Amino acid sequence: MRYPYLLSILIAAAAALPSHAEPAAQPRLIVAISVDQFSADLFAEYRSLFTGGLKRLQSGVVFANGYQSHAATETCPGHSTILTGSRPARTGIIANEWIDQALARPDKKVYCAEDPTVPGSSSSQYTVSAHFLRVQTLGDRIKAVSPQSRVVAVAGKDRAAVMMGGHAMDQVWYWSGTAFVTLPGAKGFEPKSVATTNAAVTAVIAKPAPTTLPAACQTRSLSVPVAGHEVGVLQPTKAGDVGAFKVSPAFDHAVTDIAIGLIRELRLGLGTAPDVLAIGLSATDYVGHAFGTEGAEMCAQLLGVDENVARILQALDGTHVPYVVVLTADHGGTDLPERNQLRGAADAARIDPALSPGRLGQQLADEFGLKPPVLLAAQPFGDIWLSRDIPDPMRARVLDAARTKYLSHPQVAAVFTAAELRSMPAPSGPPDEWTLAERFRASFDPERSGDLLVALKPHITAIADARYSVATHGSPWNYDRRVPILFYRPGATGFEHPLPVETVDILPTLAGLIGLPIPPSEIDGHCIDLDPGSGSTCMR
Ligand SMILES: [Zn+2]
């Protein structure tokens, strides 16, 4: 050895190199966690309070300013983007519910995760399915090249599980209203952890729950009156209250228990090909709707998510296989208008009931001598359909009159017609700079979308009667579009970037890590290089 000294320096230098300098092992288990309604604003507000899993994930690659870039910021469209690389315009999931007047059944409303070919199906009594999802998920794509890969999904909401899991799931579990269940007719292994969790949940619901507010949340406990009740202060729950269970951290805890059970019982990551696990933590959304985003309830909820994510990471560590976790949200959200008003948002208000499609449609019926309903919709904004009973020669005039009516209302920001959106190309470039029309175009499906697309002004909450639900999302505004996107691989060096990446970038990014080719023409997203240095985790 001519240069023993130099060699020893080289060896010491190599040992001191951060792990990213060596090609990290390909993940054997890919885990996607969706925290429903976890806005970038909530992440910013709470990130310094996290001590568990959400702290650990911040040592990975952090995009605090990610985007669900489309206008229809709802659960089903949002979940359809996370593992498909595609915006709702391509996934076909334009909303949680839409109107299909060609349906040969009395209920013309479609639920995004129903199978309408099952006899007797309706938007409220349905068989859960990925029927309406027009594209492949990561799980579908992995199974196409390695059928021995396992694809597993568990979520509070059925639509979250199905839209992330896709068309070829080995295991899928979601809350039915009384227990965690799987698809009817599903065959195969029934994990013990599901039965154990269902028994535990029954016991939790049967007991009154205490109101122990974490110390870190004390300063957020302040009562705000709304529609005859109050929010902002954590309330004790009564025995047997299933609704209270869904708006508590206990709901996500149960989903986490099943996810951990599946990791262990199925020995995920230990098979002959990479496995996929999608986890939908849904309770944050229910808390946001029931109590708003800025009270003690949301604080307690998010600290619960922090703890549940820590438990998931611990179970993943226990597999001793290389894994990758991505955590994001299906959409953001904003607080109830009453508290927004108290805290400086002077434009915050509830939607004027006069904007209901029923009432606007009645005016059009009177003016044109038509039989109501003239306008159909699943909600008072977003997609609005003209009744197909309107005679063809009148349709253009009725559509124009409807548009004028919406635009003349002071709470309406913009109205687009299907024809306008159809003529636009799919948006590109940074999503924070998109026009309103581009945001609507990103969740526009020519076959399924409405004839008119209505945007309410910022801070207009589309809930007129706040007795049961006080706050919501679904707007094209950035508080509903911006979500955190966090990637974590144990041992890999992380970084943070303010880049407005999109949730559709997640699929190609994960595919890059396992060398799974994805034809760029099939998706909207782009691979994000998770290597902070000169290496790349994307395929070249
Ligand atoms: Zn929601």
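Look up a bit, the structure's there.
None of the values given here were measured: they were computed from a predicted structure.

Draft legend 1. Region of interest: the pairing of strand β2 (residues 61-67). With seven of seven residues buried, β2 is to be regarded as a mostly interior element. Inspection of the sheet shows β2 paired to strand β18 (residues 482-488) by five bridges, in the antiparallel sense. The partner of glycine 66 across the bridge, within β18, is valine 483. Bridge analysis of β2 against strand β19 (residues 495-496) gives two bridges, and the strand direction is parallel. Note that in β19 the partner of valine 61 across the bridge is phenylalanine 495.

Draft legend 2. Representation of the coordination of the zinc ion. Here the zinc ion is held by the protein donor atoms Asp285 (OD), Asp285 (OD), His289 (NE2) and His473 (NE2), which lie 2.0 to 2.4 Å from it. For the zinc ion, the four donor atoms in the first shell make angles of 57 to 154° at the metal, a pattern classed as irregular. Between consecutive donor residues of the zinc ion, the sequence gaps follow D-x3-H-x183-H. Note that aspartate 285 and histidine 289 are positioned in helix α11 (residues 283-291) at a spacing of four residues, about one turn of the helix. Residue histidine 289 is classed as buried on the basis of its relative accessible area, which comes to 16%.

Draft legend 3. Highlighting the packing of helix α10 (residues 249-265) against helix α12 (residues 296-317). Where α10 contacts α12, the axes come no closer than 9 Å and their chain directions differ by 5°. Taken together, the axes of α10 and α12 are roughly parallel relative to one another. Across from Pro249, Asp252, His253, Thr256, Asp257, Ile260, Ile263 and Arg264 in α10, the residues of α12 making contact are Ala300, Gln301, Gly304, Val305, Asn308, Arg311, Ile312, Ala315 and Leu316. A per-class count over the contact of α10 with α12 returns eight nonpolar, five polar and four charged.

Draft legend 4. How the structure looks around helix α15 (residues 392-407). Taking 1.5 Å per residue, 16 residues should reach 22 Å; α15 reaches 23 Å between its end C-alpha atoms and fits that length. By the burial criterion, the buried members of α15 are Met394, Val398, Ala401, Ala402, Lys405 and Tyr406. Buried residues of α15, viewed axially, fall in a sector of 135°; they line one side. Exposed side chains of α15 directed beyond 90 degrees from the buried face belong to Ala396 and Arg397. Contact partners of the buried residues in α15: α14 (357-368), β13 (375-376), β14 (382-386), β15 (412-417) and β16 (452-456).

Draft legend 5. Quick peek at the side chain of histidine 70. Mapped onto the elements of the fold, histidine 70 is located in the loop between β2 and α4 (75-82). A relative accessible area of 0% means that histidine 70 is categorised as buried. Here alanine 72 takes part through its backbone oxygen, which lies 3.3 Å from a polar atom of the side chain of histidine 70. If we ignore the near neighbours within four places in the chain, the residues touching histidine 70 are Pro77, Gly78, Thr81, Pro88, Arg439, Ala442, Ser443 and Arg481.

Draft legend 6. How the structure looks around the state of the cysteines. Tallied over the full model, the rule gives three disulfides. With a sulfur-sulfur separation of 2.0 Å, cysteine 217 is cross-linked through a disulfide to cysteine 299. For the disulfide bridge between cysteine 217 and cysteine 299, the dihedral angle about the S-S bond is near -85°, and by the sign convention the bridge is left-handed. Remark: cysteine 299 occurs in helix α12 and cysteine 217 occurs in the loop between α8 (192-206) and β8 (224-226); sequence separation between them is 82 residues. Its relative accessible area of 0% is what places cysteine 217 among the buried residues. Each bonded cysteine of the protein gets a number by its place in the sequence, and the pairs then read 1-2, 3-4, 5-6.

Draft legend 7. Representation of the sheet that holds β2 within the structure. Taken in spatial order, the nine strands line up as β7-β6-β5-β10-β1-β11-β18-β2-β19 in an open sheet, and their pairing is mixed. In this open sheet, the two strands that pair with only one neighbour each are β7 (180-181) and β19. Together, β1 (29-35), β5 (151-155) and β10 (275-281) form the strand contacts of helix α6 (residues 138-145), whose direction differs from that of β10 by roughly 165°. Most of the contacts of helix α7 (residues 158-165) go to β5, to which it runs at about 160°, and overall it touches β1, β5, β6 (171-175) and β10.

Criteria and cut-off values
- Residues numbered from 1 in each chain as written.
- Predicted model: local features only at pLDDT ≥ 70, side-chain atom pairs only at ≥ 80, totals over all residues.
- Heavy atoms only, no water.
- Buried < 20%, exposed > 50% of the residue type's maximum accessible area, 1.4 Å probe, protein only.
- Helix = DSSP H or I, 4+ residues; strand = E, 2+ residues; numbered from the N terminus.
- Pairing = 2+ DSSP bridges.
- Donors = N, O, S within 2.8 Å, 3.2 Å for Na, K, Ca; no water.
- Tetrahedral: all angles 85-135°; square planar, octahedral: opposite > 155°, others 65-115°.
- Axes fitted to C-alpha atoms, helices over the stretch in contact; angles between N-to-C directions.
- Parallel < 35°, antiparallel > 145°, perpendicular 65-115°, else oblique.
- Contact = heavy atoms within 4.5 Å.
- Nonpolar A, V, L, I, M, F, W, Y, C, P; charged D, E, K, R; others polar.
- Expected span 1.5 Å × (residues − 1).
- Arc of directions from axis to C-beta.
- Polar contact = N/O pair within 3.5 Å; in protein donor to acceptor, adjacent residues only side chain to side chain.
- Disulfide = S-S within 2.5 Å.

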